[in-house]
Amino acid sequence: MRDSLRQLLLSRWTKLVLFLLCLSPVGYVFWRAHQSNLTANPVEFVQHFTGDWTLRFLLITLSVTPLRKLLNLPDLIRFRRMCGLFAFFYVCLHLLTYLWPDQNFDFAGMWKDVSKRPFITVGFLGFILLIPLALTSTKGWIRRLGGKRWQALHRLIYLSAAAGVIHYIWLVKADLRSPLRYAFVLLVLLGYRIVASITSRTRAAAGVIPATKIEVSES
Ligand code: HEM
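An account of the accompanying structure is given in this report. Residue indices begin from 1 for each chain and proceed along its sequence in written order. For this predicted model, a pLDDT threshold of at least 70 governs which residues receive local features, and a threshold of 80 or more governs which side-chain atom pairs are given and counted, while totals over whole chains, interfaces and linings are taken from all residues. Note that water and hydrogens are dropped before the side-chain values are worked out from all heavy atoms of the structure.

### Observations concerning the coordination of the iron atom of the ligand
Selection rule: Because water is not among the atoms used, a metal site may look incomplete, as its donors are only the N, O and S atoms within 2.8 Å, or 3.2 Å for Na, K and Ca. The geometry test gives tetrahedral to four donors whose angles all lie between 85 and 135 degrees, gives square planar to four donors and octahedral to six donors whose opposite members are over 155 degrees apart with all other angles between 65 and 115, and gives irregular to the rest. Numbered from the N terminus, helices here are DSSP runs of H or I no shorter than four residues, and strands are runs of E no shorter than two.
Distances from the iron atom of the ligand to its protein donors, His 94 (NE2) and His 167 (NE2), fall within 2.0 Å. One can describe the site at the iron atom of the ligand as octahedral: its six donor atoms subtend angles covering 87 to 180° at the metal. Of the two residues, His 94 is situated in helix α4 (residues 80-102) and His 167 in helix α9 (residues 156-171); the sequence distance between them amounts to 73 residues.

### A closer look at the packing of aromatic side chains
The cut-off we apply is this: Two rings from Phe, Tyr or Trp (for Trp, the six-membered ring) form a pair when their centres sit within 6.5 Å of each other. Planes less than 30 degrees apart are called stacked, planes more than 60 degrees apart edge-to-face, and all others tilted. Remark: exposure states derive from per-residue accessible area (1.4 Å probe, protein chains only) relative to the maximum for the residue type, with buried under 20%, exposed over 50%, and partly exposed in between.
Across all of its chains, the model carries 16 aromatic pairs by this definition. Arranged with centres 6.4 Å apart and planes meeting at 40°, the rings of Phe 105 and Phe 107 form a pair that is tilted. Phe 105 gets classed as partly exposed once you look at its relative accessible area, which sits at 40%. You can call Phe 107 partly exposed: its relative accessible area is 44%. Judged by centre distance (6.0 Å) and plane angle (50°), the rings of Phe 124 and Phe 127 are tilted. Pair noted here: Phe 124 and Phe 127 are both in helix α6 (residues 118-135), with a separation of three residues, about one helical turn. Comparing Phe 124 with Phe 127 shows no difference in burial state: the two are buried. Cluster of aromatic residues (ring-pair linked, three or more members): Phe 19, Tyr 28, Trp 31, Phe 45, Phe 49, Trp 53, Phe 57, Phe 86, Phe 89 and Tyr 90.

### Describing the pattern of salt bridges
Heads up, the rule is: A pairing counts as a salt bridge when a side-chain nitrogen of Lys or Arg comes within 4 Å of a carboxyl oxygen of Asp or Glu.
One pass over the structure, following the stated rule, counts three salt bridges. With its nearest N and O atoms 2.6 Å apart, the salt bridge here joins Asp 75 to Arg 6. With Asp 75 in the loop between α3 (42-70) and α4 and Arg 6 in helix α1 (residues 2-10), the pair connects residues that are 69 residues apart, well separated along the chain. Judged by its relative accessible area of 11%, Asp 75 falls in the buried class. Here Asp 175 ties to Arg 177 by a salt bridge, and the two come within 2.8 Å at their closest N and O atoms. By relative accessible area, which is 42% here, Asp 175 ends up partly exposed.

### Describing the site of the ligand
We count it as follows: Any residue with a heavy atom positioned within 4 Å of a molecule or strand is treated as near that molecule or strand. We define a polar contact as two N or O atoms separated by no more than 3.5 Å, with the added condition that, inside protein, one atom must be a possible hydrogen donor and the other a possible acceptor, whereas residues neighbouring each other in sequence contribute only through side-chain atom pairs. Under the scheme applied here, ten amino acids are nonpolar (Ala, Val, Leu, Ile, Met, Phe, Trp, Tyr, Cys and Pro), four are charged (Asp, Glu, Lys and Arg), and all others, including Gly, are polar.
Surrounding the ligand, one finds 22 residues, the nearest of these being His 48, Asp 52, His 94, Gly 123 and His 167. Take Tyr 168: an N or O atom from its side chain is 3.4 Å from an oxygen atom of the ligand. Among the secondary structure elements, those contributing two or more residues to the shell around the ligand are α3, α4, α6 and α9. In terms of residue class, the shell around the ligand is made up of ten nonpolar, ten polar and two charged.

### Re the environment of Thr 121
Applicable threshold: Contact between two residues is taken to exist if any of their heavy atoms lie within 4.5 Å; hydrogens are not considered.
Here Thr 121 shows up in helix α6. On a C-alpha basis, the gap between Thr 121 and Leu 95 in space is 12 Å, while along the polypeptide they are 26 residues apart. Other than its neighbours up to four places away in sequence, Thr 121 contacts Val 114 and Ser 115.

### Digging into the packing of α3 against helix α10 (residues 177-205)
The cut-off we apply is this: Working convention: axes come from line fits to C-alpha atoms, limited for helices to the stretch in contact. Angles between N-to-C directions cover 0 to 180 degrees. Any angle that falls under 35 degrees is termed roughly parallel, while one over 145 is termed roughly antiparallel, one within 65 to 115 roughly perpendicular, and all others oblique. Here a crossing is taken to be left-handed if its near helix is turned anticlockwise relative to the far helix by less than a right angle, and right-handed if that turn runs clockwise.
Packing of α3 against α10 leaves a shortest axis separation of 10 Å and a crossing angle of 30°. By the criterion of interaxial angle, the relationship of α3 to α10 is roughly parallel. For the element pair α3 and α10, the recorded crossing hand is left-handed. Residues Asp 52, Leu 55, Arg 56, Leu 59, Leu 62, Ser 63, Thr 65, Pro 66, Lys 69 and Leu 70 of α3 pack against Tyr 182, Val 185, Leu 186, Leu 189, Tyr 192 and Arg 193 of α10. Residues that form the contact of α3 with α10 fall into these classes: ten nonpolar, two polar and four charged.

### Concerning the nonpolar core
Which entries qualify depends on this criterion: Only buried Ala, Val, Leu, Ile, Met, Phe, Trp, Tyr and Cys residues count toward a nonpolar core, and they belong to the same one when joined by side-chain atoms within 4.5 Å.
Grouped together as the largest cluster of nonpolar side chains are 34 residues, with contacts concentrated most on Leu 58 and Leu 62. Those elements that provide at least two residues to this core are α2 (12-34), α3, α4, α5 (107-116), α6, α9 and α10. Not counting residues up to four positions away in its chain, the partners in contact with Leu 58 are Ala 87, Leu 130, Ile 157, Ser 160 and Ala 161.

Keep in mind these numbers describe shape, not what the thing actually does.
As structure tokens, then:
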């Protein structure tokens, strides 16, 4: 059972299926557009839809490490980079729906908005933080930076996800349930990392296990 699960995770087909699944929200929007069913306000619909998927992919990316440890499935690491890059892809679409139909590519107006409206400022910060992560996501960059520095840089994903959650909380006018659900998941994932890091340091100090191995590779 465990071996076949491992084989499934290592299969190229699984990666392809996952890739298509990650792309399916875009397909869904095109399908709704084709049916002329993008609600009375299509721009708002796409803006909210891509914002939601950005946040979901950030949280899915952050769930990979806890899941592989808790389920004892180290091969899940193969999918982390793809999920992270999809978070970046969706935030680019999200930004585009703001820049194009919303601001008409008026960059001066956009900067005014970024500096004036706190929820846009913090959303923009979340986007900026993801740029170095997307740029250094390749094996070449892991080699160039070294595992420790690469891992430290990629912790920025927590700040980006936190910025995304704050952005959502600040833009919602009445019903806070949805952003608070994301905030809760993020806190659980952060809490897991903090507890795991304290436990491994304590055990390493006691000589029970070697200090935490740095895991950045996909293979
Ligand atoms: C990590 C980065 C970001 C994340 C995770 C994110 C996430 C979200 C989410 C979840 C929503 C609400 C979706 C819903 O109501 O269902 C949203 C709305 C929105 N976001 Fe973002 N966002 C990010 C970056 C940005 C950036 C860079 C901009 C523009 C500069 C932006 C502009 C907006 C706007 C204008 C809305 C709609 C606000 C409204 O309808 O009142 N976001 N975003």
